[in-house]
There are 2 protein chains.
Amino acid sequence: MDIRTLCLGLLTMGDASGYEIKKTFEEELSHFYEASYGSIYPALTKLTEEGLVSCREMAQEKRPDKKVYSITPMGRLAFMDALSKKPGRDRIRSDFLAILMFADLLPARQLSRLIDDRIDHYRERLAELDDCHASQEETPAHQFVTGYGRAVYQAAIDYLEDNRHVVEGEALLSRASAAG
Amino acid sequence: MDIRTLCLGLLTMGDASGYEIKKTFEEELSHFYEASYGSIYPALTKLTEEGLVSCREMAQEKRPDKKVYSITPMGRLAFMDALSKKPGRDRIRSDFLAILMFADLLPARQLSRLIDDRIDHYRERLAELDDCHASQEETPAHQFVTGYGRAVYQAAIDYLEDNRHVVEGEALLSRASAAG
DNA sequence: TCTCGCATGTAACGTGTTACATGATTCC
DNA sequence: GGAATCATGTAACACGTTACATGCGAGA
C-alpha cells in the first residue's frame, strides 16, 4: 500500500487537509507507517486529478488558507478495491537488529548502552500508545491496532530485559579472555 | 544502515560471493532486512572500488565462475565506524496493520480471512526461526536476534488470537444492525 | 526577538526494486 | 522436457526523503 492509497483511506474517515493528514501519520500511524510532506502533497494533487478526491479551498482568519480534501464516490470504490487486495508482506528495516547481529564486534559498554536506549525507546512508544488510548474516542479497529502495537512493544521490552545477558555475557567473556 | 554497509558487515563473518550474500539475506536476515540482486551486486562493485573489500575470481567445475569477496583492513575499520553510529529508527511498513485500521469497511468474512492468513504467516516465520536454530551453529549474537524474532512473532500471534473478536465482533454487529 | 505552529508546495536526490539478459547443470 | 539451483549483471523505473522556498500569528 503506497502513501497515495493510505491518504485516500484516511479521507474515508473525514475530510482533511494535507497538513492534517501529515499529523495523522505522525500520531495514529507512526507505529507502522511514515510519510513526509514531500509524498503527501503530490499524492493529494494526483488523487484530485484522477477524480478520487475533491478539493475546496478554505480561507481562514489568522491562519493560512487551507485546502480541504474530500473523498469522492469513485475514490471510495478505488479504496475498497485496494483494501480487497491481499496485503503485501511487512517491510521491516531495523538498524538495531542489524547492529545486534554483530554484537561480538562491539565494546561491552556500547552494547549495553544500545540495549538500554532501545528499551527506553520502546517504553516511550508504549507511552504514546497509552496517551492515544486515553485522549481519543477510538473505533474498535483503532483500538485493536493500538493494542497490537502495545503487545509487540511489551514483548520486545520483556525479551530484551530477560535475555540481554546472552550477548552482554559474551562481550564480557571475550574481554576477559583477551585480558587474561 | 544501507545495503552496502550490511554487505560489508556480512563479509566480516567470512568471504562470500554476491549470490551467497543474497542467500544470507533471504535466510538469516529476512526477518528484519531485505535486499535484491539489483542492490547487492552494485554495492559489492562500489565497495571494491573504494578498497573496502577485495575480490578474486574463482573458476569452478560444473558451475559458473564466481567472484569471492573478502573484507580488507580498511573495510573492517569502515564497518566498525558504521556500527558505532547510533542506529536509525526502525522503518516499518505494514500493509496488514494499515488495512486493519479500516476493518470496519471490510466484509466480516474477508476480515477473518485476513487475520487467519496473518496468524498462519507468523507461524511459518516462527518455524523458519526454529529451523534456523536447529540446523546451524549460532553465535550468541545470532541466537539473541533469533530469539527476539521469536518473542515478537509469538506475541503477535497471541494478541491476534486473543483479541480478534474486538474487530470481528464489530463487523458482525454492523451486519446485524444493517440487516435488522 | 525568536521560536513554534499552521499551511502548501517543489526540485534534487538517494536508494532500492523489477524485469530483463545469459547460460550451464542437475533433478524429476 | 522442464523446472530449479548456481551465478552475474544492468537499465528503467518507482517511490519516497531532504532540503529549500514562503509567510503569517501567537506566545515566551
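For the structure itself, consult the block above.
Worth saying up front: this structure is predicted, and the values here are computed from it rather than measured.

> Whenever I open this one, the protein's contact with DNA strand C confuses me. Can you help?
Around DNA strand C, a shell composed of 24 residues is seen, among which Tyr19(A), Tyr41(A), Gln60(A), Lys67(A) and Ser36(B) lie nearest. Protein-proximal atoms of DNA strand C, defined as those within 4 Å of the protein, fall in sugar or phosphate at a share of 71%. Within the contact set of DNA strand C, a phosphate oxygen lies 2.9 Å away from a backbone nitrogen or oxygen of Tyr19(A). Within the contact set of DNA strand C, a phosphate oxygen lies 3.3 Å away from a backbone nitrogen or oxygen of Ile3(B). At the level of elements, helix H2 (18–26), helix H3 (37–49) and strand S2 (66–71) of chain A together with helix H3 (37–49) of chain B are the ones that each hand at least two residues to the surface near DNA strand C. Of the residues assigned to the surface near DNA strand C, the class counts are eight nonpolar, seven polar and nine charged.

> Before we go on, may I ask you to explain the packing of aromatic side chains in this structure?
Given two aromatic rings, one states the distance between the centres and the angle between the planes to describe the pair. What the rule picks out here adds up to 16 aromatic pairs over all chains. When the ring of Tyr37(A) is compared with that of Tyr41(A), the centres are 5.5 Å apart and the planes differ by 20 degrees; the resulting orientation is stacked. Of this pair, Tyr37(A) and Tyr41(A) both sit in helix H3, four residues apart, roughly one helical turn. Take Tyr37(A): its relative accessible area is 33%, and that puts it in the partly exposed class. A relative accessible area of 37% means that Tyr41(A) is categorised as partly exposed. Centroid distance Phe144(A) to Tyr159(B): 5.3 Å. Interplanar angle 40 degrees. Geometry classified as tilted. You can see Phe144(A) sitting in helix H7 (residues 140–179) and its partner Tyr159(B) sitting in helix H7 (residues 140–179), one on each of two chains. By the burial criterion, Phe144(A) is buried, and Tyr159(B) matches it. Members of the aromatic cluster, connected to one another through ring pairs, are Phe96(A), Tyr159(A), Phe144(B) and Tyr148(B).

> Please explain the pattern of salt bridges as it appears in this structure.
Side-chain pairing between opposite charges can occur once the charged atoms of the two side chains come close. Residue and element names in this part refer to chain A. Summed over all chains, the structure comprises 24 salt bridges over all chains. One salt bridge connects Glu161 with Arg123, and the closest N-O pair in it is separated by 2.9 Å. Placement of the pair is Glu161 in helix H7 and Arg123 in helix H6 (residues 108–135), with a sequence separation of 38 residues. A residue is classified by how much of its surface remains accessible, and Glu161, at 38% relative accessible area, is partly exposed. Overall, the relative accessible area of 43% leaves Arg123 in the partly exposed class. Residues participating in the shared-partner salt-bridge network are Asp116, Arg164 and Glu168.

> Mind showing me how you'd approach helix H1 (residues 3–12) of chain A here?
An α-helix turns once per 3.6 residues; consequently, residues spaced three or four apart project the same way. All names here are of chain A. For H1, the buried fraction is high: nine of the 10 residues fall into the buried class. All of the buried residues in H1 are Ile3, Thr5, Leu6, Cys7, Leu8, Gly9, Leu10, Leu11 and Thr12. The first or second residue beyond H1 is Gly14, which carries a positive phi of 145 degrees.

> I tried to follow the interface of chain B and chain A on my own but got confused; where do I start?
You'll often see interface size given as the accessible area lost when the parts meet. Between chain B and chain A, the contact holds 60 residues from the first and 61 residues from the second. Where chain B packs against chain A, one counts two salt bridges. Here Arg118(B) and Asp90(A) are joined by a salt bridge, their closest N and O atoms 3.2 Å apart. Seen at the junction of chain B and chain A, the total is 24 residue pairs in polar contact (both at pLDDT 80 or more). Breaking the side of chain B that touches chain A down by element, the ones donating at least two residues are helix H1 (3–12), helix H4 (73–84), strand S3 (91–93), helix H5 (95–100), helix H6 (108–135) and H7 of chain B. With 18 residues, the single largest contributor to the side of chain B that touches chain A is H7(B). For the side of chain B that touches chain A, the per-class residue count stands at 38 nonpolar, 10 polar and 12 charged.

What counts and what doesn't
- Residues numbered from 1 in each chain as written.
- Chains lettered and ligands numbered in written order.
- Predicted model: local features only at pLDDT ≥ 70, side-chain atom pairs only at ≥ 80, totals over all residues.
- Heavy atoms only, no water.
- Near = heavy atom within 4 Å.
- Polar contact = N/O pair within 3.5 Å; in protein donor to acceptor, adjacent residues only side chain to side chain.
- Helix = DSSP H or I, 4+ residues; strand = E, 2+ residues; numbered from the N terminus.
- Nonpolar A, V, L, I, M, F, W, Y, C, P; charged D, E, K, R; others polar.
- Phe/Tyr/Trp six-rings, centres within 6.5 Å; stacked < 30°, edge-to-face > 60°.
- Buried < 20%, exposed > 50% of the residue type's maximum accessible area, 1.4 Å probe, protein only.
- Salt bridge = Lys/Arg side-chain N within 4 Å of Asp/Glu carboxyl O.
- Contact = heavy atoms within 4.5 Å.

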